[in-house]
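Remarks on the overall topology
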Amino acid sequence: MSQKGEDFFDQYKAGKISRRELMSGAAKLGISAALANFMLNAAATRAMAASDFDWKKFNGSKLHLLLNKHPYADAMIADLANFKTLTGIDVTYDIFPEDVYFDKVTAALSTKSTQYDAFMSGAYMTWTYGPAGWVEDLNPYISDATKTNPTYNWNDVLPGLRASTAWNGVPGAALGSSDAKQWCIPWGYELNSISYNRKMYEKAGVEPPKNMPDLVEKAAKLTKDLGGPYGIGVRGSRSWATIHPGFLSGYANYGQKDLTVSADGKLKAAMDTPESKAYHKLFVEMVQNSGPKNWSTYTWYQVGTDLGAGASATIFDADILGYFMNGGDNKEKGNLGFHAFAANPDAKAPTPNVWIWALAMNAFGTQKDAAWYFMQWASSTEHDMFGAIKMDFVNPVRQSVATNADFKAKLEKSYSGYFDQLTASSPGAQIYFTPQPLFFDVTTLWAETLQKMVAKEVPVDEGLDQLAAAINKQLSDAGLG
C-alpha cells in the first residue's frame with residue numbers, strides 16, 4: 001500500500017478526518033473493505049509504536065501460546081501481523097477445541113512445562129492455578145512503568161471483570177480485595193440474559209419476560225401456543241457449567257449465595273434458605289413445564305443450537321450465545337432479539353454472573369517480560385476495538401470500547417436489542433460464586449441435585465437440605481468448614 005494510503009488512515013486515527021471521510025477516501029483509492037479493516041488497525045499499531053514506550057525491547061523473541069478454539073482467539077490471530085510489526089516478536093500457537101482444551105492446560109501447568117508462555121483461561125480455573133503457583137501474579141507487571149505502555153489504561157477494563165479475575169487465595173475471601181493477586185487479564189466475557197425468537201414471541205403474542213415468575217409463565221404459554229418449539233432453553237448436564245450461567249444469574253439477583261463465610265473464615269452451604277428454595281421451585285417448574293425433553297443432557301452447545309434452529313423460543317444463558325445463533329448459517333439468523341433480565345421482581349437492575357475468557361502467564365515460562373508485552377497488546381484498547389468492530393469479539397472488556405459509537409452501530413444493524421441489554425447488564429456483571437478450592441465439586445453436586453428435582457426424584461425442599469448437608473461435609477473434610 002502507498003504512503004498516501006497509510007497517511008490517510010493515520011489522519012483518521014489522529015482524529016483529523018471522520019469515519020465517513022475515511023471510508024469514502026479509501027474507496028476512491030481502491031482499498032477494499034477487508035484491506036481497510038486491516039489498515040485501520042495497522043494505523044492504531046503505528047500510533048502505539050509512536051509512544052515513548054519501547055515496544056521493540058524484545059525484538060526477535062519467539063512466544064508460544066496455548067489457545068482455545070473461539071471467536072476471541074480468531075480475532076487475535078487475525079491481528080497478529082500488527083503485533084509483530086509493533087514488537088518484532090514472533091508468535092506461534094497451539095489451538096484446541098474446548099472439550100479437550102482445559103485438560104491440555106492442566107497437563108502443561110501441572111508438569112511445570114515451559115512449552116507455553118501464555119494461555120487462555122477461564123477465571124474460575126485460576127482459583128486452582130493461582131494458589132498452586134502455576135500462573136504469575138500480573139499486578140507487578142501492570143504497575144511497572146518500564147514494562148507497561150503508559151496508555152494501557154488498566155482502569156478502563158470494567159471493574160467487575162478486574163475484580164473477578166483477582167483473588168488473594170484465601171477460601172471465601174472476596175474477589176478483588178486490596179491484597180488480591182491478579183491471576184489473569186480479562187480478555188472477553190459473556191454475561192447471562194435473555195435471547196429470544198422475535199417471530200415466535202410475536203406469534204404467541206408475548207413480550208420479553210420482565211422477571212423470573214413472568215418467564216415461567218411466558219415460557220409455558222410459548223410451549224403451548226407454538227405447537228412444536230419449547231419455551232425456554234437452559235443447561236442441565238451434570239456439570240459446574242449448568243450452575244454458572246442463567247441459573248446463578250437469577251439466583252444472585254434474588255440476593256442468594258452459594259456459601260456463607262463465618263467470622264472465623266469457615267464456609268457453609270447456603271442453598272437451604274427459604275428464599276433459595278423458593279427460587280429453585282420456580283426454576284424447576286420452568287424446566288419441567290417448558291424445557292426440552294432431554295434437558296439433563298443440555299450443555300452450551302445444545303442450548304444454542306436449539307435457539308438457532310428454531311427448536312426453542314428463548315434461552316436464559318450467555319448473551320454471546322444468542323449473538324452467534326443470530327448469524328452464520330443458522331435457520332433463525334436475523335430473527336433473534338436480546339433482553340436484559342432481572343430475575344427478581346424487586347431488583348432494580350440485572351446482576352448477571354459472568355464467564356470470563358482471560359489471558360494468563362505460565363509461571364514456568366522462560367520469557368515472561370516478552371509474554372507480558374503480548375498480553376498487554378492483546379488486551380489493549382486498540383486490539384479490543386479491532387475485535388469488537390471488525391470481528392466477533394463480544395463482549396468487549398473495556399468501557400471505552402463497549403460505549404463506542406461504531407460498536408453500537410454494528411450491533412444495532414443486525415442484533416436487535418443487543419447493545420441495550422449489554423449496556424443495562426454490564427454494570428452488575430461479575431462472578432457471584434464464593435472463591436474456594438472445591439468450586440467444581442460443589443457446583444457439580446448442585447447440578448446433580450437440580451437434575452433429581454426436575455426429574456421428581458426428590459422434592460425441592462428435601463433435595464436442597466440434602467445438598468447443603470453433602471456440601472458441608474465436603475467442606476469439613478477439606479478443612480474449610
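Structure's up top.
The notes below deal with the structure included here. As the structure is a computational prediction, the values presented were derived from the model and not from experiment.

Before going further, it helps to spend a moment on unusual backbone geometry. Each neighbour pair has its own omega, and for V394 with N395 the value is 5°, a cis peptide bond. Within the fold, N395 resides in the loop between helix 18 (381-390) and helix 19 (399-402). Unusually for a residue other than glycine, K112 sits at a positive phi of about 60°. On the basis of relative accessibility, which here comes to 56%, the residue K112 falls in the exposed class. For K456, which is not a glycine, the phi torsion comes out positive at approximately 60°.

For the coordinates displayed, the defined rule picks out 14 salt bridges. Measuring nitrogen to oxygen at the nearest pair gives 3.0 Å for the salt bridge that ties D74 to K69. Residue class for K69 comes out exposed when judged on its relative accessible area of 51%. In this structure, K147 and D369 form a salt bridge, with 3.2 Å as the shortest nitrogen-oxygen distance. Of this pair, K147 sits in the loop between helix 8 (139-142) and helix 9 (159-164) while D369 sits in helix 17 (residues 368-378), and the two are 222 residues apart along the sequence. Taking the relative accessible area as the measure of exposure, K147 reaches 25% and is therefore partly exposed. The structure contains a network of salt bridges with shared partners spanning K62, K84 and D90.

What follows deals with the layout of surface pockets. Taken as a whole, the largest pocket encloses approximately 770 Å³ of empty space. For the largest pocket, the lining is made up of 28 residues, of which E98, D99, R235, W300 and Y301 are closest to its centre. Mapped by element, the contributors of at least two residues to the lining of the largest pocket are helix 6 (98-110), helix 12 (240-243), helix 15 (300-309), helix 16 (319-325) and strand 11 (354-361). The dominant element in the lining of the largest pocket, judged by the number of residues it contributes, is helix 6, at six residues. Per-class residue counts for the lining of the largest pocket are 13 nonpolar, nine polar and six charged.

Cut-offs applied
- Residues numbered from 1 in each chain as written.
- Predicted model: local features only at pLDDT ≥ 70, side-chain atom pairs only at ≥ 80, totals over all residues.
- Heavy atoms only, no water.
- Helix = DSSP H or I, 4+ residues; strand = E, 2+ residues; numbered from the N terminus.
- Buried < 20%, exposed > 50% of the residue type's maximum accessible area, 1.4 Å probe, protein only.
- Salt bridge = Lys/Arg side-chain N within 4 Å of Asp/Glu carboxyl O.
- 1 Å grid on protein atoms, 1.4 Å probe; cavity = no way out; pocket = protein on both sides within 12 Å on 5 of 7 lines; lining within 4 Å.
- Points joined across faces, edges and corners; volume = space filled by probe spheres on them.
- Nonpolar A, V, L, I, M, F, W, Y, C, P; charged D, E, K, R; others polar.

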